[in-house]
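For reference, the chains in residue letters:
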Amino acid sequence: HPQLNTCLLLSLCNVTGLGEPRGLTLNPDLPAQTLSLAWQSDSTLFDLEIFHTEFMNVVLNVIQADPVTGLHSWTWHSPLPLECTSHSVRIRARNQQSVSQWSPLQTIPGWDIPEKSYMFPEDKMIPVGSNMTFCCIVNEKEDFKEIKYGRQEMKATRLSRRSYAITVTNQPASDNTGTNVICSSQKFQMLTGTVVFVGYPPGDEGLVCETRDLASAECSWKKGRDTHLRIKQSLTNYTLNGRDCLEANERKTWCSSKMWEENWTLEARNPLGTVQLTDSAQLTDRGIHLLAPVNVAAVKVEAWSATLQWSWSVAAYKKLEMVCQLRLFAHELSSTRNYDGPGLSSVVLEGLWPDVDYTVTLRCGSKHSFWKWGDESAPYRIHTKMDRPDALDVWMWMDSSNTGHVFWKPLSVRKSHGALNGYEVSQSSAEEDGRNTVSLPPGNFSYPILLNNSSDVTVAVAARNPAGLSQPSTVTTPAYRADSQLSVSELLGTNGSFVLSWEPNVSASSGYVVEWFPTGCTGLCPIDWKKLPESDRSFTVNSDSLVAGVRYTVSVYSLYTSAPTLLQRWQGYSQEMIPSQSVSELSLNQTGSDVLLSWKATEMKQQRGFIRGYTIYLASAAHLDLIANITDPAVQSYRVKGLTLSSYKFVVKAYTSAGEDAGATVAIKMEMDTDMLFVGILVPLGIMFCCIILFSIFFYKKREWVKKAFYPEIPGPKVSGDWSSPRGPLDVKPSPHSLVHIVKNPEWDFTKEGLFPVPEEEEESENDNMEVDTDSDEPALLRYYNQVVGDGSHSNQVSDSSASSTASMGSTQTEITYAGIQSPSSSQGAYSGGGYRPQMQSVTGPAEPQIEFEADFQDDGLNAGYKPQCSWQLDSPEAENFSGSLGSPTSVTSSQFLIPESSEEKPQPSNTWFHNFLSGKS
């Protein structure tokens, strides 16, 4: 807590000698937190010092001037409660040149004694926004901890060993129980505490005084803001012209006086302040606030009127000019009526409705110098008598060419004039005399009728209650009405209503009828209608009689003395909504890579709006991709083209102006089209077959060229000359790889055991003199000489050539001697079997070749004819290059001789189908 230092200077010079102030006394005022000082001195200027005694902290040091000599006094207002700690005061006189001695210290003790704990100030009331210092005194045995203002912890200042203080600035209004200030120690959470009440002074305003009986006065005012002071000693007290208003309090804001006084003063006081309110008025100028009428009663009640009487509790009202206000309440209806007159005590209520319960209240005021309405009477109940019902509102609705229904609207309470007990329906026509009358219970509001094609039918309907029948309401129907032949227009709703307009019709002498009902309804439809005068050309069907999402048929008829005539017809929705059901019968049909989607529109009840079109989506896992938007609602199919072989899911949604429906879904897995599969198979086959035919025709025409180019005939071995003639040369072209050495000596040299090689030089020399046709396809011819085999042919060692020659030539014994065969590699092998055998010699080195000749000359071997040499084997790797051609009938490198059995015979080629085809054979 900061120490407060105040400096106060009032100067007055005294040039006489100074003496010490005498008789200093202290007089504390604890509730007001003031300290009064008094002393004796001849001086007029003094120094004052005030201390907190225990720590001798200077609280105040001022110079005080007082022009009066002798007894002096001064009052100090302490910001700290004087109970918090002891205070000491001393004083001295001074002038401009010198000062006197200090007077002895005078002390007022505080409450900071060691025996008990205290909190100051106690239960203080202060205005909102004030600053206040609180102190806590703890005894010697407790250790101070903190001081809280409400729930806020404050910073404390130590005043003495046991006293601590806090200062709270700009305090807000406290609640009803005040604001708690708690001092706690280390041992106790709440050692001690106090309560401070922060509030406002009274704020009442608007004092007004009036008279109720032309003699006394009643004053009232408006309560001001809440003072936030709730304890008894802090409540606001009121006085009126110096008299206590015992009836006035925080809730009651009025005070009465037995006499009328032209001037009034109201004083409102609480511990924080006082407010005064005044009012003045003459009795004749202010007016009278009348009391409520009493003894209200109805003395005469009819169906349409009633007489009401009452009395007054004040006799002076009987001559007072007054105005009275009467308020009537019946069901949901209410009305206010004013009546005036001197001492008014009865009125006649007209324009009431039969069989209706009314509640009446009454209040009055002075007519001259009207001040305000008086008190209202207690409610009074009146029930009027019954009367005949009003005429019914009748209409006829045709559901076919010869049947229909007569409808009438139920009467309201105001129009029924009493509880209805039934209806009477009568039907008549020009062909029939009289009327056919039917009575119906009160719950019926329609009646079926039958029409004929010869004349109009007139139907009359009347309502009945205990008071009698209503006037009959008639409606006439034509013999036949083909309303469906009239074109129907589309009607759009506006804010949930239908706004209609039509061209005037000269025949509508009795006005027009607007009719509306749900389109497509069957049976007894909920028909509604409105009759209009002939001057009207437009009408609005309100939304309270329409249902959103329902299609209505609205028609306008002109009324005449005879049957009504249809002028115009619409169909529409008061408010369109999204369809409640998706399209029906959604299906698909695959045609190749295309898919045809088809569907049917939903029923009219589920459309809930005009279908404006359809949207088609391709559904994927996460979203819908728009494929098409069909804006023509008559189109109910769509073809999706160019789909690949996969699975697809399509969603079809119908939409109105309000949005799309939930959508219908259909899925398909694209498969190969069977027809296209057949086409894909048969077309290539047909193309291939045609190509084969064309190639066949081409090859047939070019068969000779094809045969020569791709399948030439293999010529058989031929022997030149006559083998039966004597020895002569046989020209055979030598093989390019082997040469035959011609032995000129016809005699057999038995010293040679087999074939022997011819030197390469000899081969070349002989070949130089011989022309070789390298371009010819014919195999090379070898040149042989015939040798007649003698008797030695039956020896054990005979060459295979002589055996072959013998078998080939028949009776002529010839012998072909192979002087030598030069081959890329030499082969060695053993041969077995009869017939021709190749003469092979073994090349093993310089030694002479050894060839064993089989001496097995059997008859079947000689006559077996030509035998292919296919049993020999190659021993050297180099011979593998000739293995594919040696021994072949067409090989020109063969070392075997292909000599037919007879020189006249030719080898027959293999008769394959391809060979026959190329050769043209069948």
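Everything numeric in this text was worked out from a predicted model, so none of it was measured.

### Description of a nonpolar patch on the surface
A surface patch of nonpolar side chains, amounting to about 910 Å² of accessible area, comprises Leu645, Met672, Leu677, Phe678, Ile681, Leu682, Leu685, Met688 and Ile692. Relative to the helices and strands, Leu685 is located in helix H4 (residues 674-701). Judged by relative accessible area, which is 42%, Leu685 ranks as partly exposed.

### Notes on the environment of Gly496
Along the chain, the position of Gly496 falls in the loop between strand S39 (489-492) and strand S40 (498-501). Residue class for Gly496 comes out buried when judged on its relative accessible area of 15%. Through-space distance from the C-alpha of Gly496 to that of Tyr573 is 8.3 Å; in sequence the pair is 77 residues apart.

### Points about the packing of aromatic side chains
Geometry of an aromatic ring pair is reported as the spacing of the ring centres plus the angle between the planes. A complete count under the given rule lists 23 aromatic pairs for this structure. Plain terms: the ring middles of Phe370 and Trp373 are 5.3 Å apart, the flat faces sit at 75 degrees to each other, and that makes the pair edge-to-face. Residue Trp373 is classed as partly exposed on the basis of its relative accessible area of 23%. A centroid spacing of 5.5 Å and a plane angle of 65 degrees characterise the contact between Trp397 and Phe517, whose relative ring orientation is edge-to-face.

### Some remarks on the pairing of S40
The side-chain alternation of S40 yields one buried face, formed by Phe498 and Leu500, and one unburied face, formed by Val499 and Ser501. By the bridge criterion, four bridges tie S40 to strand S43 (residues 538-541) in an arrangement that is antiparallel. Looking at S43, one finds that Val499 is bridged to Thr540.

### Some remarks on the sheet that holds strand S31 (residues 394-398)
Read from one edge of the open sheet, three strands run S31-S32-S35, paired in antiparallel fashion. Two strands in the sheet have a free side with no partner beyond their single neighbour: S31 and strand S35 (446-450). Ignoring strand direction, the axes of neighbouring strands in this sheet form an average angle of 25 degrees. In the sheet, strand S32 (residues 403-408) pairs with S35 via five bridges, with the strands oriented antiparallel. Residue pairing for S35: Thr403 is matched across the bridge by Leu450.

### Points about the nonpolar core
One finds Trp310, Tyr317, Met322, Cys324, Leu326, Val347 and Leu349 to be the most contacted residues of the largest nonpolar core, which totals 26 residues. Within the residue set of this core, elements represented by two or more residues are strand S25 (305-311), strand S26 (321-330), strand S28 (346-350) and strand S29 (357-366). Take this core: its biggest share by element is five residues, from S26. Counting 19 residues, the second-largest nonpolar core is a separate cluster that includes Tyr614, Ile616, Ala664 and Val666.

### Side note on the state of the cysteines
The final tally for this structure, using the stated rule, is six disulfides. What pairs with Cys521 in a disulfide is Cys525, and their sulfur atoms sit 1.8 Å apart. Around the S-S axis, the bridge from Cys521 to Cys525 shows a dihedral of about 115 degrees and counts as right-handed. You can call Cys525 buried: its relative accessible area is 3%. Sequence-ordered numbering of the bonded cysteines in the chain gives a disulfide pattern of 1-2, 3-4, 5-6, 7-8, 9-10, 11-12. Free cysteine Cys690: the closest other cysteine sulfur is in Cys691, separated by 6.9 Å. Classification of Cys690 as partly exposed rests on a relative accessible area of 44%.

So, how was this worked out
Residues numbered from 1 in each chain as written. Predicted model: local features only at pLDDT ≥ 70, side-chain atom pairs only at ≥ 80, totals over all residues. Heavy atoms only, no water. Patch = residues over 30% accessible without salt bridge, like charges linked within 9 Å, V, L, I, M, F, W, Y side chains within 5 Å. Areas by Shrake-Rupley, 256 points an atom, 1.4 Å probe, with all protein chains shown as cover. Salt bridge = Lys/Arg side-chain N within 4 Å of Asp/Glu carboxyl O. Helix = DSSP H or I, 4+ residues; strand = E, 2+ residues; numbered from the N terminus. Buried < 20%, exposed > 50% of the residue type's maximum accessible area, 1.4 Å probe, protein only. Phe/Tyr/Trp six-rings, centres within 6.5 Å; stacked < 30°, edge-to-face > 60°. Pairing = 2+ DSSP bridges. Axes fitted to C-alpha atoms, helices over the stretch in contact; angles between N-to-C directions. Core = buried A, V, L, I, M, F, W, Y, C linked by side-chain atoms within 4.5 Å. Disulfide = S-S within 2.5 Å.

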